[in-house]
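# Commentary on secondary and tertiary structure
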Amino acid sequence: MNFSLITSAALSQKQPAAVLFAFEKERLIGPAAFRNLLARIGPKEFRGAERQLLLLHTAGKLAPQRILLVGLGARATFTSETMRRAMGLAARKLRDSGLERAAVQVSADHIDDSLSAIVEAAILATYNFHQFKPKDDNATELKSLTLCVPARADLKAAKRVVAEAQIVAQATNYAREIGNLPGNVITPRVLADYARALAKESDIACTVLAKKELEKGSFGGLLAVGGGSANEPHLIVLEYKGVGADTAHPIALVGKAITFDSGGISIKPSDKMDEMKFDKCGGVAVLAILKAVAALKLPVHIIAVISSAENMPSSTSYRPGDIVTSYRGSDKRGVTIEVLNTDAEGRIVLGDALVYARQRGAKTIIDFATLTGAVVVALGSFAAGVMGNDEALQEKIRASGQRTGDRVWPLPLWQEYKDKIKSDVADIKNTGGRYGGAITAAAFLAKYVGETSWAHLDIAGTAWTTDDLPYLTKGATGFGVRLVVDLLRRWS
Ligand code: BES
Ligand code: MN
Ligand code: ZN
């Protein structure tokens, strides 16, 4: 999608449509012909409520052929998320009405926030997964938006806002595209190829540990989980050192990338098992974050560690009762795990990755994982759970989530939860019982991070959506990309 910026009113543009946002109970201003048009609208047709849209024909009375009114709800409750939702719905309305171009009026207040929300939402809302079902020939594509900012706006700054919003939204769609690929198409090896390709086109270094290297390094967790599949496990490591970054303080981004999670020997019920193709979304988010960070040239030092395997049942699978030894790194010995359920595999592959990240010198670790069904029970699909050992870090993450719409909410990580995963025969066991499952999973991870500042995001409820949302279509959402890019922008 193409964006241009101008400092004149959308209502004076000769375009197929002008998009105007309206607060509830507030009158829109404009020339007499425009006011006449509005005067004909019945109160139930449009009153500016959230999610309300009205497309009007101007019948030659105004420069734009049509006007799309878009409701924002009450001014008092307005946030950038309101704008994203409104623009998401508007972009689809334009496209579905067969319009390829439009002028969008950007209001004078919160111009930077609104601009980036508009650009982001337009790109995100019109994304579709087409690789295996090309869109039909007469489907319209929304090709260009003219963003109309107030005359006193700083155009140079606005241009930068638009360019950066494009980078972030495109990285999010990149995560969605890889996230939507099914298990037969994307295996750990193929995911590693994606990482290598990304590294090649940007300022990123990439190392991949395939099965042989994993064996050499005794990555016992990843090898155990991946052992049941002919698609061998891979540890994918990327490093980005931005100009001006504090290299004494590398930030590790760690991701769970189970390319398909059948549950293994503790096999899952077949109902909705297909959704477990999305069990790689944590790792994919990490990949996409690096893509955005490198394109934005952020002054940060990032080490990304993506732990990828396929969890399958076979004669070579790990079993309930097995005792597995995690990667040791520079610790005296690796954490030992009593496997009680092979379906609690995410925490096991993350254990190895967390130790590896610490060994590489990470001073802060953030991990992303579709880790538990329990977090979906707790928070539904509207927020990811955040847990960890550093409240200040969690608070920063929560604030970035609020700003970007990738919302997260904290859950406690008290000693009582840690006690739940004590084992008689190993350091820990891989399940903590039915209650508080999202937290006992985090308690398991805590065993691997030591004193390093760490936050864990359980994105099981937010990594994909089964319904179309105002600015996200069904499928992988790219959750975490917008959040962490915002966090890293504010880091230094
Ligand atoms: N990938 C799943 C978690 C999941 C389940 C994500 C449903 C999204 C929707 C994870 O590997 C898993 O199976 N977790 C188990 C853990 C349990 C066996 C302790 C779960 O949540 O049921
Ligand atoms: Mn599982
Ligand atoms: Zn899983």
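Residues numbered from 1 in each chain as written. Chains lettered and ligands numbered in written order. Predicted model: local features only at pLDDT ≥ 70, side-chain atom pairs only at ≥ 80, totals over all residues. Heavy atoms only, no water.

### Some thoughts on the site of ligand 1
Around ligand 1, the structure places 16 residues, and the nearest of them are Lys268, Asp279, Asp343, Glu345 and Gly373. Backbone polar atom of Gly373 to an oxygen atom of ligand 1: 2.7 Å apart, as the coordinates give it. A total of 520 Å² of accessible area belongs to ligand 1 in isolation, and the protein chains cover 77% of it. Residue composition of the shell around ligand 1, by class: four nonpolar, five polar and seven charged. (Near = heavy atom within 4 Å. Polar contact = N/O pair within 3.5 Å; in protein donor to acceptor, adjacent residues only side chain to side chain. Areas by Shrake-Rupley, 256 points an atom, 1.4 Å probe, with all protein chains shown as cover. Nonpolar A, V, L, I, M, F, W, Y, C, P; charged D, E, K, R; others polar.)

### Topic: the sheet that holds strand S2 (residues 18-22)
Taking strand neighbours across the sheet as the criterion, the six strands line up as S1-S6-S5-S2-S4-S3 in an open arrangement whose pairing is mixed. Strands at the two margins of the open sheet, each flanked by one partner only, are strand S1 (2-6) and strand S3 (53-57). In this sheet, adjacent strand axes meet at a mean angle of 25 degrees when their direction is disregarded. Note: strand S5 (residues 101-105) against strand S6 (residues 144-148), five bridges, orientation parallel. Residue Ala102 lies in a different strand from S6, and its bridge partner there is Leu145. Helix-sheet contacts for helix H1 (residues 32-39) involve S2, S3 and strand S4 (66-71), and the interaxial angle to S4 is about 60 degrees. (Pairing = 2+ DSSP bridges. Helix = DSSP H or I, 4+ residues; strand = E, 2+ residues; numbered from the N terminus. Axes fitted to C-alpha atoms, helices over the stretch in contact; angles between N-to-C directions. Contact = heavy atoms within 4.5 Å.)

### Describing the packing of aromatic side chains
Two descriptors summarise a pair of aromatic rings, namely the distance from one centre to the other and the angle between the planes of the rings. Throughout the structure, instances matching the rule amount to eight aromatic pairs. Judged by centre distance (6.0 Å) and plane angle (55 degrees), the ring pair of Phe129 and Phe132 falls under tilted. Both rings, one in Phe278 and one in Trp464, keep their centres 5.0 Å apart while their planes meet at 20 degrees; by these two values the pair is stacked. With Phe278 in the loop between strand S9 (251-261) and helix H8 (281-296) and Trp464 in strand S18 (residues 464-465), this pair connects stretches of sequence that are 186 residues apart. (Phe/Tyr/Trp six-rings, centres within 6.5 Å; stacked < 30°, edge-to-face > 60°.)

### Quick look at the side chain of Thr440
Relative to the helices and strands, Thr440 resides in helix H13 (residues 437-449). Among the polar contacts made by the side chain of Thr440, one reaches the main-chain carbonyl oxygen of Gly437 at a distance of 3.3 Å. Setting aside residues no more than four positions away along its own chain, Thr440 makes contact with Tyr417, Lys420, Ile421 and Gly432.

### Brief notes about the domain arrangement of the chain
Structurally, the chain comprises domain 1 (2-149) and domain 2 (182-489). Computed over C-alpha atoms, the centres of domain 1 and domain 2 are 38 Å apart. Between domain 1 and domain 2, the contact holds 15 residues from the first and twelve residues from the second. For domain 1, the biggest contributors to the area lost against domain 2 are Arg84, Arg92 and Leu124; these three give 39% of the whole. Summed over the shared surface of domain 1 and domain 2, the number is one salt bridge. We note a salt bridge from Glu120 to Arg482, for which the minimum N-O separation is 3.2 Å. The interface formed by domain 1 and domain 2 contains ten residue pairs in polar contact (both at pLDDT 80 or more). Among the elements that line the side of domain 1 that touches domain 2, the one with the most residues is helix H2 (residues 80-96), at seven residues. Partitioned by chemical class, the residues of the side of domain 1 that touches domain 2 number six nonpolar, three polar and six charged. (Domains from an automatic or database assignment. Buried area = accessible area lost by both parts, 1.4 Å probe. Salt bridge = Lys/Arg side-chain N within 4 Å of Asp/Glu carboxyl O.)

### Section: the environment of Asp367
By secondary structure assignment, the location of Asp367 is in strand S13 (residues 364-369). Judged by its relative accessible area of 0%, Asp367 is buried. Among the polar contacts made by the side chain of Asp367, one reaches the side chain of Trp454 at a distance of 2.8 Å. (Buried < 20%, exposed > 50% of the residue type's maximum accessible area, 1.4 Å probe, protein only.)

### Observations concerning the coordination of the zinc ion (ligand 3)
Note on the zinc ion (ligand 3): its protein donors are Lys256 (NZ), Asp261 (OD), Asp279 (OD) and Glu345 (OE). The metal-donor distances range over 2.0 to 2.4 Å. Bound by six donor atoms, the zinc ion (ligand 3) shows angles of 78 to 174 degrees at the metal and therefore octahedral coordination geometry. Read from N- to C-terminus, the donor residues coordinating the zinc ion (ligand 3) fall into the pattern K-x4-D-x17-D-x65-E. Separating the zinc ion (ligand 3) from the manganese ion (ligand 2) is a gap of 3.1 Å, which Asp261 spans by donating to each of them. Of the two residues, Lys256 sits in strand S9 while Glu345 sits in the loop between strand S12 (336-338) and helix H9 (346-359), which places them 89 residues apart along the sequence. By the burial criterion, Lys256 is buried, and Glu345 matches it. (Donors = N, O, S within 2.8 Å, 3.2 Å for Na, K, Ca; no water. Tetrahedral: all angles 85-135°; square planar, octahedral: opposite > 155°, others 65-115°.)

### So, the coordination of the manganese ion (ligand 2)
Looking at the manganese ion (ligand 2), the protein donor atoms are Asp261 (OD), Asp343 (O), Asp343 (OD) and Glu345 (OE), and they sit 2.0 to 2.2 Å from it. Between the six donor atoms coordinating the manganese ion (ligand 2), the angles at the centre fall across 69 to 166 degrees, so the site counts as irregular. Sequence positions of the residues that donate to the manganese ion (ligand 2) give the spacing D-x81-D-x1-E.

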